[in-house]
Each structure stands twice: as C-alpha cells, then as structure tokens.
Amino acid sequence: MNITAPPPQDHVRIELEAGEAMHVLHPKSIVAFQGSPRNREDRVMDLSNAYRKKKWIRSKLTGPAEAVLGLPAECSLTVVDIEADSDLLFNFRHVLFYTDGLQMKSRIQKIKTAWITREWVRMRFAGPGKLGLVTSGALATMPLRPEMPIFAEAGSLVAYPEKANVQLSVYGNTLASQHMGVQWQLTGSGPILIQCGAADSGLSDHLQGDGLIKRLLRELLPFGSVYIK
C-alpha cells in the first residue's frame, strides 16, 4: 500500500496492490476511484460504530486500485502504524480509514470523565495495520512520564495509552485556570497524540490586528469574549 498526501494536504492518494484492502469510514470523501467497480463494496456499519461516527455506511476498497480522498479545509492526514500490542485509545471521530485486518475494541470511559468530555467510548485498535487520522492542523506526539504530568486540552487529545493515569484538571495560577478549557492530566508511559489546530479565536484576532485594549478586556472581564467583539 502506498499513501501520499501532497502539500497542501487537501487530499490523499492511496494505491492498493492486489490482495490489499482498506475501510473508509466516510465514503463521500472518495472523490476518485480507479479500478474494477467490483473492488468497492459499501457495507452497513454495526450500530455502536454508526452511533459514534454519526454514519451508517463504510466502504471497503480492494486492490489493485487507486483512490483519491478529499480532506476538509485546514485539516491534515496522518497515517499511524498500529502494532499487535498497541494499547492506544483513539477518539473515533478522527479515524478516516483503516487497513483490512485491524481489530477494533470499544473501551468505556470513567463516568466522571465522560460526563465532562461527552466521550463515553474510545476505540482500541490491534494490528498490525495502518490507521488514517484526520486532524485539525498537524498531529504531534509527546511521550508520557510517570513522575511528570502532561496537561493536554481536552478537545485536542486524539489518542493516549489505555494504561495511562488520566484525570480532568486545570493548571497554572488562578488567572490561568479561570481562562482555560478542561485539560486532561496524564502520567504513565507511551505516546500521546495531539491535534495542533484547535481553534483559538484570540490568536486569530491577534494576527488580524485586533487592538491590545480590546484583547485585554476580552480576557479579563467576565463574559468579555461575548460582549466585546
């Protein structure tokens, strides 16, 4: 299998050799397909996966074939190699495709975590195989340590090890903790995957030339971001 995402990353090109197969969880992202018509087979997803993806259909593409998948604006694709002993738990919303042979297992989250993050289930994949992840901006990797926590913005955490110690938290001084979203506090071993393009309207306004006073008032006044445009 050959996967390329030429810059700008608004699409990905996939070449499948004879005997290779992959599952595309967003069939409408397939903007071009070259191969025998019989090499594409759409199937109804099982109920649990359909609920998590908000989709009912997935496509199985079999080689020899070539396909071009379109990506949302300002999003990028990262292909992750999944080993047989991988214990990473993924946010299923980021999965665009996976190679045939990968096994998926649901992992129920703790109630206190799911209540705040609205993530009741994460997915664990067992390989070997490849996983195509679509993220807002690039995908970064950070190694966990047992003695020093990583704080990651809740909406940016794509995957973390199942055995990691995960808590919901904020950090920093009082002003910092009052002006940040919910953070995941993680310790343990293994990598975490983070999407780096989470929207920061303040940074965008700054780059567009918003005044210093207006930005300070937005950040310091209660509900400043609502009333001060």
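The numbers attached to residues start from 1 for each chain and follow its sequence in the written order. pLDDT decides what is reported in this predicted model: residues at 70 or higher carry local features, side-chain atom pairs at 80 or more are listed and counted, and totals for whole chains, interfaces and linings draw on all residues regardless. Side-chain descriptors were evaluated using all non-hydrogen atoms of the structure, hydrogens and water having been removed beforehand.

**Thoughts on the overall build of the protein**
Scanning the protein for helices and strands turns up six helices and 19 strands. For every residue, the accessible area (1.4 Å probe, protein chains only) is compared with the maximum for its type, and the residue is labelled buried under 20%, exposed over 50%, or partly exposed between those bounds. Taking all 229 residues of the protein together, the buried fraction comes to 39%. Throughout, a contact is declared for two residues whenever any of their heavy atoms are within 4.5 Å. Taking the intrachain contacts of the protein between residues at least 6 apart in sequence as the baseline, contacts between residues at least 24 apart amount to 71%. Put simply, DSSP marks the helices as runs of H or I at least four residues long and the strands as runs of E at least two long, and each gets a number from the N terminus on.

**Let's talk about the packing of aromatic side chains**
A ring pair, where both rings are aromatic, is described by two values, the distance of the centres and the angle of the planes. Two aromatic rings from Phe, Tyr or Trp, using only the six-membered ring of Trp, form a pair when their centres are within 6.5 Å; if the ring planes differ by under 30 degrees the pair is stacked, by over 60 it is edge-to-face, and anything between is tilted. Summed over the entire model, instances satisfying the criterion amount to four aromatic pairs. Here the aromatic rings of Tyr98 and Phe125 are separated by 6.2 Å at their centres, their planes lie at 50°, and the arrangement is tilted. With a gap of 27 residues between them, Tyr98 in strand β10 (residues 95-99) and Phe125 in strand β12 (residues 121-126) connect regions that are remote in the sequence. Summarising the burial analysis for this pair, Tyr98 and Phe125 share the class buried.

**A short note on the nonpolar core**
Formed by 18 residues in total, the largest nonpolar core has its most connected members in Phe90, Phe125, Leu131, Leu133 and Leu193. Put simply, the parts of the chain that give this core at least two residues each are β8 (75-82), β9 (88-90), β10, β12, β13 (129-136) and β16 (157-161). Residues in contact with Leu133, not counting those within four places in the same chain, are Ser76, Leu77, Thr78, Val80, Phe90, His94, Val95, Leu139, Val158 and Leu193. We call a set of buried Ala, Val, Leu, Ile, Met, Phe, Trp, Tyr and Cys residues a nonpolar core when their side-chain atoms join them within 4.5 Å. Among the nonpolar cores identified, the runner-up in size contains 15 residues, and Met22, Leu71, Cys75 and Val134 belong to it.

**Observations regarding the environment of Pro161**
Mapping Pro161 onto the fold places it in strand β16. C-alpha of Pro161 to C-alpha of Gly190: the two residues are 29 residues apart in sequence and 6.3 Å apart in space. Look past the residues within four positions of Pro161 in its chain and what remains in contact with it is Asp87, Leu88, Leu144, Ser189, Gly190, Pro191 and Ile192.

**A look at the pattern of salt bridges**
Pairs can form between side chains of opposite charge once their charged atoms are near each other. Definition used for salt bridges: Asp or Glu carboxyl oxygen within 4 Å of a side-chain nitrogen of Lys or Arg. Enumeration according to the criterion identifies seven salt bridges in this entry. The salt bridge involving Glu41 is made with Arg43; its shortest N-O contact spans 3.4 Å. Accessibility expressed as a relative area gives 41% for Glu41, which makes it partly exposed. When salt bridges with common partners are traced through the structure, they connect Arg107, Arg124 and Glu162 into a single cluster.

**A few points about the sheet that holds strand β17 (residues 165-169)**
Strands qualify as paired when DSSP identifies two bridges or more between them. Spatial strand order, β15-β18-β17: three strands in an open sheet with antiparallel pairing. Single-partner strands in this sheet number two, and they are β15 (150-153) and β17. Ignoring strand direction, the axes of neighbouring strands in this sheet form an average angle of 30°. Here five bridges tie β17 to strand β18 (residues 183-187), and the two strands are oriented antiparallel to one another. Counterpart to Gln167 in the pairing with β18 is Gln185. Orientation is described by lines fitted to C-alpha atoms, with helices fitted over the stretch in contact, and by angles between N-to-C directions that extend from 0 to 180 degrees.

**Section: unusual backbone geometry**
Residues Gly63 and Pro64 are joined by a peptide bond in cis, for which omega reads 5°. Within the secondary structure, Pro64 is located in the loop between β6 (57-62) and β7 (65-70). Residue Gly127 is joined to Pro128 through a cis peptide bond whose omega torsion reads 10°. Position of Pro128 relative to the elements: it lies in the loop between β12 and β13. Here Glu74, not a glycine, exhibits a phi torsion of approximately 65°, which is positive. Along the chain, Glu74 falls in the loop between β7 and β8.

**Thoughts on the pairing of β6**
Where strand β3 (residues 21-24) lies against β6, four bridges are found, and the strand directions are antiparallel. Residue pairing in the sheet places His23 in a bridge with Lys60 of β6. Where strand β5 (residues 40-44) meets β6, five bridges bridge the pair, whose relative direction is antiparallel. Within β6, the position partnered with Val44 by the bridge is Ile57.

**Some points on the sheet that holds strand β11 (residues 103-108)**
Strands sit in the order β11-β12-β9-β16-β19-β14 across an open sheet of six strands; the sheet is antiparallel. Only two strands of the sheet have a single partner each, and these edge strands are β11 and β14 (139-143). Direction aside, neighbouring strands of the sheet carry axes that sit 30° apart on average. The pairing of β16 with strand β19 (residues 191-195) spans two bridges and is antiparallel. Residue pairing across strands places Leu157 opposite Ile194, the latter belonging to β19.

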